[in-house]
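Residue strings, one per chain:
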Amino acid sequence: MKRTNKRIVGLGFWLITLVSTGVAASRWMQTAEQGDRSQQTLASIARYVARQETQIVAIDPIARLQPGDPVFLAGEPMAGKQVEFRQVGRVASIIVPDSVAPDSERPGDLAAEPPRGGRRVSITWYDRDVPADQCQLFQHHSTGRLSEVVETLFPPTKQKVIRDQLSAAMARHGEDLSQAFIPLVEDSLRQSLPVIEDEFRLAVARHRGELDEAAQRWHDQLVQERLIPMARREILPIVKKHGQPPAEEIGREMWDRASLFRFGWRAIYDKTPLPRKDLVREEWQRFVEEEAVPVLEKHMDEVVVAIQRSLRDVSASPAIRKELAGVAEEIARDPQSRQLVQSILKETFVENERLREVWRDVWSSPKAQAAFDIAGERLEPVVRQIGDEIFGSEQDGINPDFARVLRSQILRKDRRWIVAWHTGAGNGTIEVARNPMPYPIVYLAAER
């Protein structure tokens, strides 16, 4: 038989097979129970194979959709269960206006700058039970960000399972792990602090010129212009209110104890050409030690109370707190100051070779190795359980959430999709979904 005849026979065989499959599927769909998920999925596949489809036109307001993007129909939400999806269509093509030049008809060019009001797309719809014009369409897309990957891999139910597993493991082995690792942490901190302190001093010394320049700039811009006026306006009245009474009492007692005669004749004696000098200084030292200090000690409780009350009112003042917060925020926003602080901290912690040596010595010691062995022995079972929850297992296969991440991040698949909700009426626009969701999972067989 010639090659051409073989091709004709083969093509005829596959056509007969497809037609037979479509007829059998149509008969089966008419008698199948509507509520069974696997039957609905197979019916959808059969209708797709039999090309029982319609074409609808909708507006893509942000011009993001591309041919081949799938359309999923959301099932009826049920209490305590996740919404089920089945694929009911796909984006067939982008409808290019007649005014667009042929060399601009590439999807990339159309998506770069969406036309005003969006663009029209053609959707192939192959679900006969739910008409397309009775559904509202919402488009989703995958951003590829790490936060989205984390949300996909760790949905709330899985987070709870992992938390429970970790809590149970720590309840069983927490004491052993603490006894093994707390001494290592203490050694690390004890040996690190002197190294950090030394390197911080060196870093400050290396940036002394920049620090002096920044301090002068802060003094001119903040201290003189904002802090000092604020102190005169807000702080001094508070200090005067609480500090003036004990200060006046102390001043009166010291004045009563001071002897003008003793100070006077000693001052005159110091001005004479007599050999002994500094009598005024000696009298002042005697007065401070024998008269002033006892007075201050007598009123120390009143001074402490006045200071406490002043600090309380200063810290409670909204005007002072607002001004100090504004100063701190202005310093934090200053690019030069922020860069200077980052440089000092980077040299102190990140680029500190001595610090790395300390941590390397502590955490590679025999004591650390023994602690790691204990942790591995105690935690290996729960780590394997968590790995099965995240990635899947030999018995259950790859976890669907992990499969989503692989397809999106590695294969660059499932980046855009449309969800149709059967509301009874559509508006002809594929609106942008406000609430994010992972790419739908369509089960091709009933769950065991």
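Described below are features of the structure shown in this document. Note on numbering: residues in each chain are counted from 1, in written sequence order. Where totals are concerned, whole chains, interfaces and linings use all residues; where local detail is concerned, this predicted model gives features only for residues with pLDDT of at least 70, and gives and counts side-chain atom pairs only at 80 or more. Heavy atoms from the whole structure form the basis of all side-chain values; hydrogens and water molecules are not counted.

## Looking at the overall build of the chain
Phase 1: Strands here mean DSSP runs of E at least two residues long; helices mean DSSP runs of H or I at least four residues long; both are numbered from the N terminus. Looking only at helices and strands, one finds 14 helices and nine strands in the chain.
Phase 2: Whether two residues touch is decided by their heavy atoms; if any such pair falls within 4.5 Å, the residues are in contact. Considering only contacts within the chain whose residues lie at least 6 apart along the sequence, 77% involve residues at least 24 apart.
Phase 3: What sets the accessible areas is the Shrake-Rupley method with a 1.4 Å probe; for residues, cover comes only from the shown protein chains. A total accessible area of about 30,000 Å² is found for the chain, and carbon and sulfur atoms account for 58% of it.

## Points about the nonpolar core
A general tendency of soluble globular proteins is for nonpolar side chains to be buried together.
Phase 1: Among buried residues, the Ala, Val, Leu, Ile, Met, Phe, Trp, Tyr and Cys ones that are joined through side-chain atoms within 4.5 Å form a nonpolar core. Buried residues are those whose accessible area, probed at 1.4 Å on protein chains only, stays under 20% of the maximum for their type, while exposed residues exceed 50% and partly exposed ones sit between those limits. Among the nonpolar cores identified, the biggest contains 17 residues, and Ile123, Trp125, Leu137, Ile418 and Ile430 are the most heavily contacted of them.
Phase 2: Counting residues per element, the ones that place at least two in this core are β2 (70-74), β3 (85-95), β4 (119-125), β5 (135-141) and β8 (416-422).
Phase 3: Residues Leu177, Ala180, Val195 and Ala371 belong to the second largest nonpolar core, which totals 12 residues.

## Topic: a nonpolar patch on the surface
Phase 1: A surface patch of nonpolar side chains, about 360 Å² in accessible area, is lined by Val341, Leu345, Phe349 and Val350.
Phase 2: Turning to its location among the elements, Val341 is positioned in helix α11 (residues 335-350). Patch definition: residues with relative accessible area over 30% and no salt bridge; like charges joined within 9 Å; nonpolar side chains (Val, Leu, Ile, Met, Phe, Trp, Tyr) joined within 5 Å. Note on definitions: salt bridges are taken to be side-chain nitrogens of Lys or Arg within 4 Å of carboxyl oxygens of Asp or Glu.

## Let's talk about the side chain of Thr348
Phase 1: Checked against the element boundaries, Thr348 lands in helix α11.
Phase 2: Take Thr348: its relative accessible area is 1%, and that puts it in the buried class.
Phase 3: The term polar contact refers here to a pair of N or O atoms within 3.5 Å; inside protein, the definition further demands a hydrogen-donor-capable atom paired with an acceptor-capable atom, and it admits residues adjacent in sequence only when both atoms are side-chain atoms. At a separation of 2.7 Å, a polar atom in the side chain of Thr348 contacts the main-chain carbonyl oxygen of Ile344.
Phase 4: What Thr348 contacts, discounting residues up to four positions off in sequence, is Ile196, Glu199, Phe200, Ala203 and Leu355.

## Some thoughts on the pattern of salt bridges
Phase 1: Counted according to the given criterion, the structure contains 24 salt bridges.
Phase 2: The salt bridge involving Asp313 is made with Arg312; its shortest N-O contact spans 3.2 Å.
Phase 3: Arg356 is the partner of Glu353 in a salt bridge, and the nearest nitrogen-oxygen pair spans 2.6 Å. Here the residue Glu353 and the residue Arg356 both occupy positions in helix α12 (residues 353-363), the gap between them amounting to three residues, near one helical turn.
Phase 4: The structure contains a network of salt bridges with shared partners spanning Glu197, Asp198, Arg201 and Arg354.

## Points about the pairing of β8
Phase 1: Judged from the three bridges that link them, β2 and β8 form a sheet pairing that is parallel. Considered in β8, the bridge of Phe72 is made with Val419.
Phase 2: DSSP-based pairing: two strands are paired if at least 2 bridges between them are found. Bridging between β5 and β8 involves seven bridges; their strand directions are antiparallel. Paired with Leu137 across the strands is Ala420, a residue of β8.

## Concerning the side chain of Arg217
Phase 1: With respect to the helices and strands, the residue Arg217 is situated in helix α6 (residues 208-257).
Phase 2: What Arg217 contacts, discounting residues up to four positions off in sequence, is Leu222, Asp334, Gln336 and Ser337.

## With respect to the packing of helix α5 (residues 156-206) against α12
Phase 1: Between α5 and α12, the least distance of the axes is 9 Å, while the angle of their chain directions is 165 degrees. Considering the angle they form, α5 stands roughly antiparallel to α12. Between α5 and α12 lies a crossing whose hand is right-handed. Listed contacts from α12 to Phe181, Leu184, Val185, Asp187, Ser188, Gln191, Ser192, Val195, Ile196 and Asp198 of α5 are Arg354, Leu355, Val358, Trp359, Val362 and Trp363. As a rule, the C-alpha atoms of each element are fitted with a line to give its axis, helices using only the stretch in contact, and angles between N-to-C directions run from 0 to 180 degrees. Roughly parallel means an angle under 35 degrees; roughly antiparallel, over 145; roughly perpendicular, 65 to 115; everything else is oblique. Crossing handedness is defined as follows: a turn of the near helix away from the far one that is anticlockwise and smaller than a right angle gives a left-handed crossing, while the clockwise case is right-handed.

## Some thoughts on the environment of Val71
Phase 1: Looking at where Val71 falls in the secondary structure, it is placed in strand β2.
Phase 2: For the pair Val71 and Thr124, spaced 53 residues apart in sequence, the C-alpha to C-alpha distance is 8.9 Å.
Phase 3: With near-sequence residues (within four places) excluded, Val71 lies in contact with Arg86, Gln87, Val88, Gly89, Arg90, Ile123, Trp125, Ile418 and Ala420.

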